[in-house]
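# Summary of structural features
Okay, here's what each chain looks like letter by letter:
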Amino acid sequence: MQAAPLFSGQPRQTGTHISCKNCHAQLRVIRACKEVYLFCDTCGEKFPLTDYTEFLDQLENFISNIPLDRI
Ligand SMILES: [Zn+2]
């Protein structure tokens, strides 16, 4: 039986090896309810995945591997 959807609607995130276009720090990928985007902790910039289409395969892997029980 699947767990109750306690986390549905909650953002999930993980680190990536993708460099920020502004400051070259490593971005985090954040999965919100119906949106996935990249965020830079260093400069605070937020990027749509369309800015990093060359990394989409990698991001799909990250997203599908985000554990449900830890963020
Ligand atoms: Zn940055």
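Please refer to the structure higher up on the page.
Residues numbered from 1 in each chain as written. Predicted model: local features only at pLDDT ≥ 70, side-chain atom pairs only at ≥ 80, totals over all residues.

Even without being a glycine, His24 presents a positive backbone phi close to 65 degrees. In this structure, His24 sits in the loop between strand 1 (12-19) and strand 2 (26-31). (Helix = DSSP H or I, 4+ residues; strand = E, 2+ residues; numbered from the N terminus.)

The pairing of strand 1 with strand 2 spans 5 bridges and is antiparallel. When the bridges of strand 2 are listed, Ser19 appears paired with Gln26. Once strand 1 ends, the chain turns through 6 residues before running back antiparallel as strand 2, passing His24 with a positive phi of about 65 degrees. Taken together, the 5 bridges between strand 2 and strand 3 (residues 36-40) define a ladder with antiparallel strand orientation. Paired with Ile30 across the strands is Tyr37, a residue of strand 3. Counted between consecutive antiparallel strands, the loop separating strand 2 from strand 3 contains 4 residues. (Pairing = 2+ DSSP bridges.)

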